[in-house]
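This is what each chain is made of:
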Amino acid sequence: MASLTELRDQLDAVDDQIVRLFEKRMDLCGQVGEYKIQNGKKVFDRNRENQKLQDVESKVSTEFNKKGVHELYEQLMSMSRKLQYQQLVQAGALGRLPFISVPSLHAGNARIVFPGTEGAYSQAATVHYFGENCNCFYVQTFRDAMEAIEEGAADFAVLPIENSTAGSVDEMYDLLVEFENYIVGETIIPIEHTLAGLADAELSDIRKVYSKGVALLQASGFLNAHSDWQQISVANTAIAAQKILDDQDKSQAAVCSAYAAKAHGLKVLAEKINDDPDNCTRFIVVTNQKIFLEDAGKISICFELPHTSGSLYHLLSHFIYNDLNMTRIESRPIKGRNWEYRFFIDFEGNLADAAVKNAIRGLREESRSLRILGNY
Ligand SMILES: C=C(O[C@@H]1C=C(C(=O)O)C=C[C@H]1O)C(=O)O
């Protein structure tokens, strides 16, 4: 039997040939890329790739090697596509960017909408982002706020997208797909809940607690210690505070901010009742124009994937190849198509960067229904 050194020498000789052939293959793919640019042909040719996979599989003997050569060729062809997307970007053959870059949001006279009512955390986020004197108003639901933007009743909406304890706000992801609105900013604010009741109520009077579902969850440690309290979910923490004031029933309390309690003349029965003292929520600023700030550094996109093994893995490779740092991935079921998902990805970059254009070009061709949700 040959020694390890001898075997490795033979491997080195085979690898030399593979590497040389790899370079030759990439060079040919580059020439195909030039041809495609000249003739306006798409980079990704799914039929040709499927034929190629069948062909190479038919040329090896064992099942193990069939799988291996399949995977190898998937990678090789994905690399050659990336080379061609790069060529397209370099040749300026990408078409016009559908987003316009702006130096500022011109928010001075803007009308800003937030969901909830006076004292909602969304209002705190609005003031945090646009300043104390901004011209803002509220509507009841997230959908109402998205509609106000789409119809032009407001210029910007401030909406919660993610909480550090409760995770994603699923409804917002679905609304971002449904509406033609775009994210242009984000802001994070601390979320500190209190238990608030009528001015003459005591903790011992409380029987029913109202709040938004996630706020009840965030204060579950405190609330569950009072197992006789009924927990009731309403649209918003500030709406819960409003209800306590309206009902004038001293056995009722709301989980809401100290600001909302004050705004509705309620008494704080317990402070800082959230389980996590660092509880905070990320809010997005949404508008109906396809704009992005010149210095924007984060991009949100979503796309659907064919229901085949490895499809997400292949799409994510566009981030790796273009040296783009992915910061978040989320998936939501696609309505009416059981067990199929839409993926939401946040990554660092600006729509004007070549690497970003490159990645988006590849993602657009290889996924379904790619949408750029915003650069902010
Ligand atoms: C090289 C080409 O571009 C792409 C890459 C392929 C490959 O690497 O073999 C095949 C089809 C295309 O998706 C081509 O069209 O031939």
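Residues numbered from 1 in each chain as written. Predicted model: local features only at pLDDT ≥ 70, side-chain atom pairs only at ≥ 80, totals over all residues.

Next up on the list: the overall build of the chain. From N to C terminus, the chain includes 12 helices and 17 strands. For the chain, whose C-alpha radius of gyration is 27 Å, the value lies well above the compact-globule estimate of 21 Å for 376 residues. Overall size of the chain, expressed as C-alpha extent along the three principal axes, is 90 × 55 × 40 Å. Counting every position in the chain, which comprises 376 residues, the buried fraction comes to 32%. (Helix = DSSP H or I, 4+ residues; strand = E, 2+ residues; numbered from the N terminus. Rg over C-alpha atoms; globule rule 2.2 N^0.38 Å. Buried ≥ 20, exposed ≤ 12 C-beta atoms within 10 Å, placed from the backbone.)

Right, let's get into the nonpolar core. The biggest cluster of nonpolar side chains holds 71 residues, and the ones touching the most others in it are Ala157, Val158, Ala196, Ala241 and Val255. Mapped onto the domain boundaries, this core takes at least three residues apiece from domain 2 (100–191 + 280–293) and domain 3 (194–270). Apart from residues no more than four positions distant in its own chain, Val255 is found in contact with His193, Leu195, Val209, Ser211, Ala215, Leu216, Ala219, Thr237, Ala240 and Ile273. (Core = buried A, V, L, I, M, F, W, Y, C linked by C-beta atoms within 7 Å. Domains from an automatic or database assignment. Contact = placed C-beta atoms within 7 Å.)

Its 13 residues give helix α12 (residues 354–366) an end-to-end C-alpha distance of 18 Å, which sits within 8% of 18 Å, the value for a rise of 1.5 Å per residue. Residues of α12 that are buried: Val356, Lys357, Asn358, Ala359, Ile360, Arg361, Gly362 and Glu366. Tucked inside the fold, the buried residues of α12 contact α3 (63–90), β14 (298–304) and α11 (311–321). (Expected span 1.5 Å × (residues − 1).)

Residues in close proximity to the ligand include Cys29, Val32, Phe44, Asp45, Arg48, Glu49, Lys52, Leu76, Met77, Ser80 and Arg81, which together make up its full environment. Every element with two or more residues in the shell around the ligand is listed here: α1 (4–39), α2 (46–58) and α3. Counting residues per element, the shell around the ligand draws most heavily on α3, which supplies 4 residues. In terms of residue class, the shell around the ligand is built from 5 nonpolar, 1 polar and 5 charged. (Near = placed C-beta within 6 Å. Nonpolar A, V, L, I, M, F, W, Y, C, P; charged D, E, K, R; others polar.)

Turning our eyes to something else, we now look at the sheet that holds strand β7 (residues 194–197). Sheet strands associate in pairs through backbone hydrogen bonding, adopting either a parallel or an antiparallel arrangement. In spatial order, the strands read β9-β8-β10-β7-β11; together these 5 strands make up an open sheet with mixed pairing. Two strands bound the open sheet, and with one partner strand each, they are β9 (230–233) and β11 (267–270). The average undirected angle you get between the axes of adjacent strands in this sheet is 35°. Of the strand pairs in this sheet, β7 and β11 are connected by 3 bridges, and their pairing is antiparallel. (Pairing = 2+ DSSP bridges. Axes fitted to C-alpha atoms, helices over the stretch in contact; angles between N-to-C directions.)

Moving on, we come to unusual backbone geometry. In terms of backbone geometry, most residues other than glycine have negative phi values and most peptide bonds are trans. Of note, His106 is a non-glycine position whose phi angle comes to about 50°, a positive value. Positionally, His106 belongs in the loop between β1 (100–102) and β2 (111–115). Taking the C-beta count within 10 Å as the criterion, His106 has 10 such neighbours and is therefore assigned exposed. Here the phi dihedral of Gln248 falls at roughly 50°; this positive angle occurs in a residue that is not glycine. Note that Gln248 resides in the loop between α9 (237–247) and β10 (252–256). For Gln248, a count of 8 C-beta atoms within 10 Å translates into the label exposed.

Take the pairing of β7 next. The alternating pattern of β7 places Thr194 and Ala196 on one face and Leu195 and Gly197 on the opposite face, and all of these are buried. As paired elements, β7 and β10 share 4 bridges and run antiparallel to each other. Directly across from Gly197, in β10, lies its bridge partner Ala253.

Bringing the domain arrangement of the chain into the picture now. Each assigned domain of the chain is listed with its residue range as follows: domain 1 (1–93), domain 2 (100–191 + 280–293) and domain 3 (194–270). Inter-centroid distance (C-alpha atoms) of domain 1 to domain 3 is 63 Å.

Time to look at helix α4 (residues 121–130). In terms of residue burial, α4 counts as a mostly covered element, since 8 of its 10 residues are buried. Every buried residue of α4 is accounted for by Tyr121, Ser122, Gln123, Ala124, Ala125, Thr126, Tyr129 and Phe130. At the C-terminal side of α4, Gly131 shows a positive phi close to 95°.

Looking now at the packing of α2 against α3. At a minimum axis distance of 9 Å, the contact between α2 and α3 shows a crossing angle of 145°. Seen from above, α2 lies across α3 with right-handed handedness. Within the contact between the two elements, α2 uses Glu49, Lys52, Leu53, Val56 and Glu57 and α3 uses Lys66, Val69, His70, Tyr73 and Met77. Looking at the contact of α2 with α3 residue by residue, the class counts come to 5 nonpolar, 1 polar and 4 charged. (Left-handed = near helix turned anticlockwise from the far one by under 90°.)

So, on to the environment of Val286. Here Val286 is to be found in strand β12 (residues 280–287). Sequence spacing of Val286 and Ser369 is 83 residues, and the spatial spacing of their C-alpha atoms is 20 Å. With residues near it in sequence (within four places) discarded, Val286 still touches Ile149, Phe156, Ala157, Leu159, Asn181, Tyr182 and Ile183.

With that out of the way, let us pick up the packing of α1 against α3. Packed helices, taken two at a time, are described by the angle between their axes plus the distance between the axes. Orientation of α1 relative to α3, taken along the N-to-C sense of each, is 45°, at an axis distance of 9 Å. As judged from the angle between their axes, α1 and α3 are oblique. In the packing of α1 onto α3, the handedness of the crossing is right-handed. Between α1 and α3, the residues in contact are Arg25, Met26, Cys29, Gly30, Gly33, Glu34, Lys36 and Ile37 and Leu76, Ser80, Leu83, Gln84, Gln87 and Leu88, respectively. Across the contact of α1 with α3, the residue classes break down as 6 nonpolar, 5 polar and 3 charged. (Parallel < 35°, antiparallel > 145°, perpendicular 65-115°, else oblique.)

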